[in-house]
Amino acid sequence: MEFRPQPTRNRNSQENQSLCNDGRCRTKKRRLAIITAVIIVALPLIFLYLYIDPASEEYGRWFPKCLVHTLTGLSCPSCGAQRAFHALLSGNPLEALRQNWFLLFSGLYLCGLGVSRLYWNKIPKVGQFFWGRTGGLIYVGVYIGWFIVRNILGV
Ligand SMILES: [Zn+2]
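In short, a report on the structure. (Residues numbered from 1 in each chain as written. Predicted model: local features only at pLDDT ≥ 70, side-chain atom pairs only at ≥ 80, totals over all residues.)

Section: helix 8 (residues 133-153)
Here helix 8 spans 30 Å end to end across 21 residues, near enough to the 30 Å set by a 1.5 Å rise per residue. One or two positions beyond helix 8, positive phi appears at G154, with a value near 75°. (Helix = DSSP H or I, 4+ residues; strand = E, 2+ residues; numbered from the N terminus. Expected span 1.5 Å × (residues − 1).)

Next up, the structure:
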């Protein structure tokens with residue numbers, strides 16, 4: 001079963017009427033609420049990771065620790081993400097990659113999701129790949145593979 005997101009713009013005037021209330025569309029309100037929530041959550045985090053190094057001795061203890069690493073000593077696929085985010089915001093993308101190579105794959109996959117969602121009508125096969133079972137299984141496979149490889153190689 002393939003997941004197909006609903007189109008962002010509805011050109012059918014009858015359906016548009018049912019979405020609007022008092023001249024304001026619910027979809028616009030919902031979109032504005034999502035954007036506002038993302039800004040409220042994202043901006044403080046961006047400033048936090050921009051100015052404070054989560055690996056520093058002084059402030060590092062205040063950042064969340066990985067439960068997998070704490071309990072098992074193994075590095076999970078996400079280990080190093082906070083340090084990588086700090087390095088990326090500090091203008092050091094190579095250091096960010098050194099901290100966690102999987103973030104590059106995740107970032108590219110996230111871009112694929114976004115672009116295929118925006119241009120679903122023009123590139124439906126790409127959208128079906130990223131939003132469907134095949135893309136999801138590939139992502140999970142790479143996630144598990146990275147978990148194994150990074151613990152064998154110690155990266
Ligand atoms: Zn971890």
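Quick look at the packing of helix 2 (residues 26-51) against helix 4 (residues 81-89)
Close contact between helix 2 and helix 4 brings their axes to 8 Å; oriented N to C, the two are set at 85°. What the angle tells us is that helix 2 and helix 4 run roughly perpendicular. Here helix 2 contributes I46, Y49 and L50 to the contact with helix 4, which in turn contributes Q82, F85, H86 and L89. Here the contact of helix 2 with helix 4 is composed, by residue class, of five nonpolar, two polar and no charged. (Axes fitted to C-alpha atoms, helices over the stretch in contact; angles between N-to-C directions. Parallel < 35°, antiparallel > 145°, perpendicular 65-115°, else oblique. Contact = placed C-beta atoms within 7 Å. Nonpolar A, V, L, I, M, F, W, Y, C, P; charged D, E, K, R; others polar.)

Considerations on the nonpolar core
Y49, A84, F85, A87 and A96 form the largest nonpolar core, which has five residues in total. When neighbours within four sequence positions are excluded, A96 is seen to be in contact with A84, A87, L88 and L103. (Core = buried A, V, L, I, M, F, W, Y, C linked by C-beta atoms within 7 Å. Buried ≥ 20, exposed ≤ 12 C-beta atoms within 10 Å, placed from the backbone.)

Observations concerning the packing of helix 6 (residues 102-118) against helix 7 (residues 124-131)
Here helix 6 crosses helix 7 at 140°, and the two axes come no closer than 9 Å. The angle between helix 6 and helix 7 places the two elements in the oblique class. Judged by the sense of rotation from one axis to the other, the crossing of helix 6 with helix 7 is left-handed. Between helix 6 and helix 7, the contacting residues are G112, L113, S116 and R117 on the first element and V126, G127, F130 and W131 on the second. A breakdown of the residues in the contact of helix 6 with helix 7 according to their chemical character gives four nonpolar, three polar and one charged. (Left-handed = near helix turned anticlockwise from the far one by under 90°.)

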